[in-house]
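# Commentary on secondary and tertiary structure
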Amino acid sequence: MKNITLIAFALFLFQLTLSAQFVTFKYTTITAEGAYSPKHVLAVWIEDGKGNFIKSLKVMGVDRKKYLYTWNAKSAKNEVDAVSGATLTSHTPASVSWDCRDVNQKFVADGKYTLAIEYTDQHKQGPVYRAGFTKGTKPFSLKFPDQEYFKNMVLDFSLKPKSEAPVQKNTEKISDHLGEMITVPEGNFIMGNDNGSWEERPQHLVYLPTYQIGKYEATRGEYRKFIEAGGYNDPQYWSADGWVWKEGNVIVYAGMYGDVSYTVRKNTETKRNAPEHWEVEQEWIGHEYGHPRFVQTDKHPVVGVTYYEAEAYCKWAGGRLPTEAEYEKAARWTGSHSNLYPYGDTWDPEKSNNPEDHNPAGGGFEVNQSAPVGSYPAGASPYGCMDMAGNAYEWCADFAKSYPGSSKPFDYTGKYHVVKGGCWDDPEISCAFRSWYLPRCSGGVGPGDSDIIGFRIAK
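Residues numbered from 1 in each chain as written. Predicted model: local features only at pLDDT ≥ 70, side-chain atom pairs only at ≥ 80, totals over all residues. Heavy atoms only, no water.

## Quick word on the environment of M191
Secondary-structure assignment places M191 in strand β12 (residues 187-191). It is 7.4 Å that separates the C-alpha atoms of M191 and S338, two residues lying 147 residues apart in sequence. In this view, M191 contacts P202, Q203, H204, V206, E324, A325, E328, R332 and Y403; residues no more than four positions away in its chain are not counted. (Helix = DSSP H or I, 4+ residues; strand = E, 2+ residues; numbered from the N terminus. Contact = heavy atoms within 4.5 Å.)

What follows is the structure in structure tokens.
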């Protein structure tokens, strides 16, 4: 029995060593405003020493991936674990990461491997570059010579994730529209929760380049500036689908995970000019905790916003919505550990605006109402972000998709967007929590209950 235990422990250590191996590849694509520019379709993948496909790392170009001829042939269109999205619109530096697993989530052996990158926006073969390296027991960094279409290529192999400590509360006001932003440095973090609900599993390592995210949820005062500046009625800030919704009269209500109902907005003779629940005085239903009337101030988060309304504001302000990974890292990563909640691993109802907050902080907030942003400083994330486990759920840029190795795989690309964080209406929501809503939905299941979703900006 003792020998069996020792063998099991040795195997565990061996797997732990393998799982810690990590490859990061940074690159910049370049063209001279000719072929393959500016909106290019791109794929990055791993091959073994014999040229066999191992795993896709990034596939960009939602409806145009058929023009990635080399990737299609090599991968059989397998992108289940890849970062994906629309066509890229610029040639800024980018990166991908590989956790040294194959498409079956098994760790690969040490040896020779190749990282391949392909991109095109033409209806023909685009350039492909392959960077070879040997995975072993020693960390290293390789810099590859610039090519006609690729430059600044660096590959790093490490035996464990970078131990990246959060920067000191690096808060800066970028502009009046962006508000206070916190810089989250590049590096790996652990995303997901093996002890959470099925859609949060499995936890996995994710690499993110440096980015900035709002310290606070977007407020009503900030959103009012967008409306008063004419942005709400200016199609240049809206997606095509968003503008169609904005000019229409249908209100979409949806429970979590896609349950949907519809109604027609009042005053259909006038166009939409603000989100739902924009009136200052509100009375929200919630989970049978009573429904006191209260007054929203300019410091309260803007809620009842659809994905389209949040997206338009971010474009007007000079930013964008955060990805799910960006939101989660900013909410929980300490530099070596992913907290279950922003402030630690033990639920404390007094550190966020939620229905179990019986001794409210700040201005004495009652149940079934939002609170001014930043009212619970003790609930700040390791990076100093506020209200990431309460007050308002928040839109993320990603479509909902299962994590690599999920026991219940799903992919709602093109349909449902991810929503993260907690809200005033739900207790004990962890940082790993994830739900999804239609972009036309502002949350809730009917009138008086669509007031739970807001957003924060990223850059």
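Now that the structure is up, let's keep going.
## Considerations on the pairing of strand β9 (residues 150-158)
Regular strands have side chains that alternate between both faces of the sheet. The sheet contact formed by strand β1 (residues 22-29) and β9 spans 7 bridges and is antiparallel. Paired with V23 across the bridge in β9 is F157. Across 5 bridges, the pairing between strand β8 (residues 140-144) and β9 is antiparallel. Looking at β9, one finds that K143 is bridged to V154. (Pairing = 2+ DSSP bridges.)

## Focus on the nonpolar core
One finds Y223, Y313, Y393, W395 and F455 to be the most contacted residues of the largest nonpolar core, which totals 65 residues. For this core, the leading source of residues is helix α5 (residues 307-317), giving 8 residues. Residues within four places of F455 in sequence aside, it is in contact with E217, A218, Y223, V302, V305, A310, Y313, C314, L321, Y393, E394 and W395. Counting 26 residues, the second largest nonpolar core, distinct from the first, contains Y113, L115, I117 and Y129. (Core = buried A, V, L, I, M, F, W, Y, C linked by side-chain atoms within 4.5 Å. Buried < 20%, exposed > 50% of the residue type's maximum accessible area, 1.4 Å probe, protein only.)

## Notes on the packing of aromatic side chains
Summed over all chains, the structure comprises 32 aromatic pairs. Look at Y119 and F150: their rings are 5.5 Å apart centre to centre, the planes differ by 65°, and that puts the pair in the edge-to-face class. One end of the pair, Y119, is in strand β6 (residues 111-120); the other, F150, is in strand β9, with 31 residues separating them in the sequence. In terms of burial, Y119 and F150 fall into one category: buried. Among the aromatic side chains, those forming a connected cluster through ring pairs are Y223, F226, Y232, W238, W243, W278, Y313, W316 and F455. The positively charged end of R434 is found above the aromatic ring belonging to Y403, 4.0 Å away from the centroid. (Phe/Tyr/Trp six-rings, centres within 6.5 Å; stacked < 30°, edge-to-face > 60°. Lys NZ or Arg CZ within 6 Å of the ring centre and 35° of its normal.)

## Considerations on the environment of L155
Locating L155 in the fold gives a position in strand β9. Through-space distance from the C-alpha of L155 to that of K26 is 6.5 Å; in sequence the pair is 129 residues apart. For L155, the contacting residues outside a window of four places in its chain are V23, T24, F25, L115, F133, F140, S141, L142 and F144.

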